[in-house]
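Structural description and commentary
One letter stands for each residue in the lines below.
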Amino acid sequence: MRRMCAAFLALMGMTLSAQDINGGVFTGLSLPVGDLQDKSGSGTNQFFGTHVGGHLDFTLTPHHEVRAQLSYHDLPGSDWANGFFTIQNDFKILQVGADWVYHFQNPRQGWYSIAGASINSIKNDSTYYSTSQSGKLGIRGGGGYTFNKLFSLEGTLNQIFVDQNGSNGFGFDTATWVQVSAVFRFGR
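Residues numbered from 1 in each chain as written. Predicted model: local features only at pLDDT ≥ 70, side-chain atom pairs only at ≥ 80, totals over all residues. Heavy atoms only, no water.

1. Details of the nonpolar core
Side chains of a nonpolar character, in soluble globular proteins, are inclined to be buried together. Leu36, Leu75, Phe91, Ile93, Ile122, Ile160, Val162, Phe170, Phe172, Ala175 and Trp177 form the largest nonpolar core, which has 11 residues in total. Where this core is concerned, the elements lending two or more residues are strand 6 (89-103) and strand 10 (174-186). Sequence-distant contacts of Ile122, defined by excluding residues within four places in its chain, comprise Phe91, Lys92, Ile93, Thr131, Ser132, Gln133, Val162, Phe170 and Ala175. (Core = buried A, V, L, I, M, F, W, Y, C linked by side-chain atoms within 4.5 Å. Buried < 20%, exposed > 50% of the residue type's maximum accessible area, 1.4 Å probe, protein only. Helix = DSSP H or I, 4+ residues; strand = E, 2+ residues; numbered from the N terminus. Contact = heavy atoms within 4.5 Å.)

Shown next, in the form of structure tokens:
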């Protein structure tokens, strides 16, 4: 039993020492869709937002990679006419997550796919009130293209499951947006 445990630990040590760790930053557009954009009186009523973030890539094999990511999204709103009043909803999202990245060719060039999960803090600074929700589960999926070892373009569809009703409710139950990013990598 001891030999089996020692062999397992030695194998895990070789696997971890062979692992390639790199990092980088990304920025681009966050485009709200669905209720986050067009739910009357609750959404942004605006098509464009921005984001910035950072990531650590753990290359497991030439095709498989795990990515830890942290991002901040700013989704400004424009006015909704609501009877005698106008209302504006500005959403801010802080996202911490992990993605499984599959490279079809290799990590330094070519197409790749993304599937991930995240924990999110989302805040609505509205004209007359402010609401926020933390610890909300999110999922995402998409793909990208790596042009060289330092630069990629990627797009993902993101969705956070939020509370619709209650004192901190947003008026809808999912916040969904498309994220288009320029990705800059270091250390490959």
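2. Topic: empty space enclosed by the protein
A complete count under the given rule lists one cavity of 30 Å³ or more for this structure. Taken as a whole, the largest cavity holds about 30 Å³ of empty space. What lines the largest cavity is simply Phe26, Arg67, Gln69, Arg140, Glu154, Gln179 and Ser181. Looking at the lining of the largest cavity, the elements that each hand over two or more residues are strand 3 (64-75) and strand 10. A per-class count over the lining of the largest cavity returns one nonpolar, three polar and three charged. (1 Å grid on protein atoms, 1.4 Å probe; cavity = no way out; pocket = protein on both sides within 12 Å on 5 of 7 lines; lining within 4 Å. Points joined across faces, edges and corners; volume = space filled by probe spheres on them. Nonpolar A, V, L, I, M, F, W, Y, C, P; charged D, E, K, R; others polar.)

3. Topic: a nonpolar patch on the surface
On the surface, Val52, Leu70, Tyr72, Leu94 and Val96 cluster together to form a nonpolar patch covering roughly 430 Å² of accessible area. Looking at the nonpolar patch, the elements with two or more residues in it are strand 3 and strand 6. With respect to the helices and strands, Tyr72 occurs in strand 3. (Patch = residues over 30% accessible without salt bridge, like charges linked within 9 Å, V, L, I, M, F, W, Y side chains within 5 Å. Areas by Shrake-Rupley, 256 points an atom, 1.4 Å probe, with all protein chains shown as cover. Salt bridge = Lys/Arg side-chain N within 4 Å of Asp/Glu carboxyl O.)

4. A word on the pairing of strand 3
Only one face of strand 3 is covered, namely the one carrying Glu65, Arg67, Gln69, Ser71, His73 and Leu75; the face carrying His64, Val66, Ala68, Leu70, Tyr72 and Asp74 has none of its residues buried. Examined bridge by bridge, strand 2 (residues 49-59) and strand 3 share 10 bridges and lie antiparallel to one another. Of the residues in strand 3, the one forming a bridge with His51 is His73. The turn linking strand 2 back onto strand 3 is made up of four residues. (Pairing = 2+ DSSP bridges.)

5. Brief notes about the sheet that holds strand 7 (residues 110-126)
An order of 1-2-3-6-7-8-9-10 is seen for the eight strands of this closed barrel, with the pairing classed as antiparallel. On average, each strand axis in the sheet is inclined to that of its neighbour by 25°, with strand direction left out of account. Both strand 8 (residues 130-148) and strand 9 (residues 151-161) contribute to a ladder of 10 bridges, which runs antiparallel. For Gly142, the partnering residue across the bridge sits in strand 9 and is Thr156. (Axes fitted to C-alpha atoms, helices over the stretch in contact; angles between N-to-C directions.)

6. Describing the packing of aromatic side chains
Within the structure shown, the criterion is met by nine aromatic pairs. Measuring from ring centre to ring centre gives 5.2 Å for Tyr102 and Phe104, while their planes differ by 80°; the resulting arrangement is edge-to-face. A relative accessible area of 28% means that Tyr102 is categorised as partly exposed. Residue Phe104 is classed as partly exposed on the basis of its relative accessible area, which comes to 47%. Judged by centre distance (5.0 Å) and plane angle (70°), the ring pair of Tyr145 and Phe147 falls under edge-to-face. Looking at Tyr145, the relative accessible area reads 23%, which means it is partly exposed. (Phe/Tyr/Trp six-rings, centres within 6.5 Å; stacked < 30°, edge-to-face > 60°.)

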